[in-house]
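# Chains, contacts and geometry: an overview
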Amino acid sequence: MFFTLEGGEGVGKSTLINLLKKYFIEKEIDFIFTREPGATPEGKKLRNILLDKTIELDSLSETFLLLADRLEHVKKIINPALRNNTHVLSDRYLDSTYAYQGAGRKIKTEVLDKLIEPLDLPIPDLTIYLDLSVEEGFKRVRKRGELDRFEKQEINFFKRIRTFYLNLANENPERFLIIDSNKNPSEIFEIAKISILNKINES
Ligand code: TYD
């Protein structure tokens, strides 16, 4: 089964992933945890460019780099794991591109569709979306220190992203689980864990 985790900045994805990792290792369930951008050696180089706050990139250039990272990720990590019946959880994936480059950078959906279609990307079986207000997310991000190239965007960029995610999740309830990130980490973990286990048992 292929799982993805999505959300804006500072919503607590890393905390949730650490709890899930610990749980699935303890249960000896065959699971890999991976992330975008930067899961492969090639992707790490792309990630350095993408997050570098000292450079400016055209939105389409940014999209090409993210898609190059994704294609390497899918071919070298995600597809081989799925073929081997290993479950995969990716911290960010395709929906991030429609949210950040589509809603955030205002690249038209038709343009993104055209670029993405030839990549033949697998569709997640379940996407967990952690929802939090932009203001609250930013309070948490600021505590972490210096901001990267994305985190430096204006607040409306992130508001468009949140609205996009919420609409997408509400329009696709069969694929999405929305979790309110104001809940405490152990509650969020329990909700996510149960839905992941249900999906695995359904298959
Ligand atoms: P990262 O440090 O991994 O942050 P986060 O904890 O928010 O996931 O940075 C990844 C950044 O890349 C994040 O700001 C979102 C952005 N991004 C896109 O804009 N489009 C994409 O398709 C992906 C995968 C990430």
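What you see is a predicted model; the values in this text were computed from it and never measured.

## Focus: the overall build of the chain
Looking only at helices and strands, one finds 8 helices and 5 strands in the chain. Secondary structure elements of the chain, listed N to C terminal, follow the sequence β-α-β-α-α-β-α-α-β-α-α-β-α. Taking 17 Å as the expected radius of gyration for a compact globule of 203 residues, we find that the chain reaches 16 Å, a close match to that expectation. Principal axes of the C-alpha set define a box for the chain whose edges measure 45 × 35 × 30 Å. Considering only contacts within the chain whose residues lie at least 6 apart along the sequence, 79% involve residues at least 24 apart. For the chain, the exposed surface amounts to about 10500 Å²; the carbon and sulfur share of it is 51%. Of note, the chain has its 32 positive side-chain charges centred 4 Å away from the centre of its 33 negative side-chain charges.

## Considering the site of the ligand
Among the 14 residues in the neighbourhood of the ligand, the closest are listed as Glu9, Lys13, Arg92, Thr97 and Gln101. The separation between an oxygen atom of the ligand and a polar side-chain atom of Glu9 is 2.9 Å. At 2.7 Å, a side-chain N or O of Lys13 approaches an oxygen atom of the ligand. When isolated, the ligand has an accessible area of 540 Å², and the protein chains bury 91% of it. Contributions of two or more residues to the shell around the ligand are made by helix 2 (41-51), helix 3 (59-83) and helix 4 (94-104).

## Quick notes on the sheet that holds strand 2 (residues 31-35)
Across the sheet, which stays open at both edges, the 5 strands sit in the order 2-3-1-4-5 with parallel pairing between neighbours. Strands at the two margins of the open sheet, each flanked by one partner only, are strand 2 and strand 5 (176-180). The mean inter-strand angle of the sheet, taken between neighbouring strand axes irrespective of direction, is 20°. Bridge count for strand 4 (residues 126-131) against strand 5 is 5 bridges, and the pairing is parallel. Of the residues in strand 5, the one forming a bridge with Ile128 is Leu177.

## Observations concerning helix 2
All of the buried residues along helix 2 are Gly43, Leu46 and Leu50. Projected down its long axis, helix 2 carries its buried residues within an arc of 60°, all on one side. Opposite its buried face, helix 2 presents the exposed residues Pro41, Lys45 and Asn48, each directed more than 90 degrees away. Turning to helix 2, the residues buried within the fold contact helix 3.

## Quick look at a negative patch on the surface
A surface patch of negative charge is lined by Glu110, Asp113, Glu117 and Asp120. Along the polypeptide, Glu117 turns up in the loop between helix 5 (109-116) and strand 4.

## A short note on the environment of Gly104
Tracing the backbone through its elements, the reader meets Gly104 in helix 4. Considered as a pair, Gly104 and Asn156 are 52 residues apart in the sequence and their alpha carbons are 8.3 Å apart. Ignoring sequence-local partners within four residues, the contact set of Gly104 consists of Ala99, Phe157, Arg160 and Ile161.

## A few points about the pairing of strand 3 (residues 87-91)
Taken residue by residue, a regular strand's side chains alternate between the two faces of the sheet. With 5 of its 5 residues buried, strand 3 lies for the most part within the structure. Neither face of strand 3 is left uncovered, since the one carrying His87, Leu89 and Asp91 and the one carrying Val88 and Ser90 both have all their residues buried. Judged from the 4 bridges that link them, strand 1 (residues 2-7) and strand 3 form a sheet pairing that is parallel. Its bridge partner being in strand 3, Thr4 is matched across the sheet by Ser90.

What counts, and at which threshold
Residues numbered from 1 in each chain as written. Predicted model: local features only at pLDDT ≥ 70, side-chain atom pairs only at ≥ 80, totals over all residues. Heavy atoms only, no water. Helix = DSSP H or I, 4+ residues; strand = E, 2+ residues; numbered from the N terminus. Rg over C-alpha atoms; globule rule 2.2 N^0.38 Å. Contact = heavy atoms within 4.5 Å. Areas by Shrake-Rupley, 256 points an atom, 1.4 Å probe, with all protein chains shown as cover. Lys, Arg positive; Asp, Glu negative; His and termini not counted. Charge placed at Lys NZ, Arg CZ, Asp CG, Glu CD. Near = heavy atom within 4 Å. Polar contact = N/O pair within 3.5 Å; in protein donor to acceptor, adjacent residues only side chain to side chain. Pairing = 2+ DSSP bridges. Axes fitted to C-alpha atoms, helices over the stretch in contact; angles between N-to-C directions. Buried < 20%, exposed > 50% of the residue type's maximum accessible area, 1.4 Å probe, protein only. Arc of directions from axis to C-beta. Patch = residues over 30% accessible without salt bridge, like charges linked within 9 Å, V, L, I, M, F, W, Y side chains within 5 Å. Salt bridge = Lys/Arg side-chain N within 4 Å of Asp/Glu carboxyl O.

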